[in-house]
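Residue-level structural notes
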Amino acid sequence: MLSKSVVTAIVALATAQVANCIPFESSTEGIRASKRWLPGANKVRGVNLGSQFIIEPWMANDEWGSMGCGNLNDEWQCVQSLGQSKADAAFKKHWDTWTTQADISQIKSLGLNTVRIPVGFWIREDLVQQGEFYPRGGLEYLDRLVGWCADAGLYVIMDLHGGPGAQTPHQQFTGHGVDYPGFYTKDNYERAYKFLEWMAERIHTNNSYRNVGALEIINEPVHAGDYSSLAADMIANYYPTAWTRIRNREDKLGVAKNNRLHIQMMDKSWGSGDPKSHLPDTTFALYDDHRYYKWDTTVATTKDGYISAVCKDNRGGSDLIVGEWSLSVADSVQFNDEFQIKNRPDQVDWYKKFWAAQVQTFEKSGGWVFWSWKCNWIGGMDEWRWCYKSAVAAGAIPKDAGSAASLSPC
């Protein structure tokens, strides 16, 4: 059982030497941090690079339209409609420009230390089957991006955001908005295992990936309340097998035990079941919590109600990272006089308090990763409640991510 913050040991400065690293305690005695668990801060403070490798049109409306896909739901439909060659060209332009090296430098300058990179399984192109429609050519841009992150001293969480067959129905983030989740089969699990083995090997053998310290094995799977048998099968079979396949690949590579990847799963609070219940081990396990107060129907939808709910919240221990959250509020109130942000600079001060309260609460746990860094546009406006970069420009998020304690109303 972890008795000291795992995250203290993993936040990154890329050039740190083993002798200077922060030791941490785990189920393996006597381990000291090596290059994959680097010192510098004791909380993860980061942003998601959403829509970089899996475009979600709801948050990238203008970009999507410029690619010729404006009326289409997801990447699958875009590729199918444009044709493979034309789609590949459109996506390559997007991958080249959506997140730039200047973005990475700005992220670092804002006191952030982490990025989470959502990717689809199809970035390993030999896993794509006949009759599936996904863009090709993204890997070189991923290699470049993680290299920029490493050069900047940013820790990277690599997130399998879109699984084979789609792990959740009707969601753009899977790359294919299906009516029924097709991920939960032996064949699609196997494709996911192959992706995870391949990615783990790439992380350990390609120097550009030297700051990738965590590998999330599937983002936002089905809830047990909606698909009880699928969720149970994932907990009993997919999670432990994915864990074992990653660890076996690391063993085959001769990776030292203190240099293994953190393996991340959705936390029990997500509603798919207890991720720990069938794991062969929990050393270097991390858990992902997506805490959107926007969709919590127990929260009173007033400014006081949101602040009260946040300040009373406690998400879990130091091995849990709140991997997605935002400043958005319930659909029913987001554009009313109390919460509207369009042409309302007077609202900035309250949203800054809302940001600081969430940060302070999430840092009771291992830290946080905001969704998302960049948007373009949402609902025809600069909807900075979802966009860290725009929120900083608006003054709703400070230029120092470590300043929350002095700003929080909690």
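Model, not experiment: these values are computed from the prediction. (Residues numbered from 1 in each chain as written. Predicted model: local features only at pLDDT ≥ 70, side-chain atom pairs only at ≥ 80, totals over all residues. Heavy atoms only, no water.)

1. Quick word on the pattern of salt bridges
- Across all of its chains, the model carries 26 salt bridges by this definition.
- When the shortest N-O distance is used, the salt bridge between Arg116 and Asp288 registers 3.3 Å. Here Arg116 is found in strand S2 (residues 114-120), whereas its partner Asp288 is found in strand S6 (residues 285-290), with 172 residues between them in sequence. Just as Arg116 is buried, Asp288 falls in that class too.
- The partner of Asp337 in a salt bridge is Arg344, with the nearest N and O atoms 3.2 Å apart.
- Accessibility expressed as a relative area gives 62% for Asp337, which makes it exposed.
- When salt bridges that share partners are traced, they join Arg116, Asp159, Glu216, Asp288 and Glu324 into one network. (Salt bridge = Lys/Arg side-chain N within 4 Å of Asp/Glu carboxyl O. Helix = DSSP H or I, 4+ residues; strand = E, 2+ residues; numbered from the N terminus. Buried < 20%, exposed > 50% of the residue type's maximum accessible area, 1.4 Å probe, protein only.)

2. As for the pairing of strand S5 (residues 262-266)
- Counting buried positions along S5 yields five of five residues, so the element is predominantly enclosed.
- Here S5 shows no split at all, with His262, Gln264 and Met266 on one side and Ile263 and Met265 on the other all buried.
- Across three bridges, the pairing between strand S4 (residues 212-216) and S5 is parallel. If you follow Leu215 over to S5, its bridge partner there is Ile263.
- Handedness of the crossover joining S4 and S5 through helix H8 (residues 228-253): right-handed. (Pairing = 2+ DSSP bridges. Right-handed = clockwise from strand over helix to strand, strands pointing away.)

3. Here we look at helix H6 (residues 139-152)
- Over its 14 residues, H6 runs 20 Å from end to end, which matches the ideal 20 Å to within 8%, given 1.5 Å per residue.
- Within H6, ten of the 14 residues are buried, which leaves it mostly tucked inside the rest of the structure.
- Those residues of H6 not exposed but buried are Leu139, Tyr141, Leu142, Asp143, Leu145, Val146, Gly147, Trp148, Cys149 and Ala150.
- Summarising the contacts, the buried residues of H6 are in contact with helix H4 (84-97), helix H5 (101-109), S2, strand S3 (155-162), helix H7 (186-205) and S4.
- Trailing H6 by a residue or two, Gly153 shows a phi angle of about 80°, which is positive. (Expected span 1.5 Å × (residues − 1). Contact = heavy atoms within 4.5 Å.)

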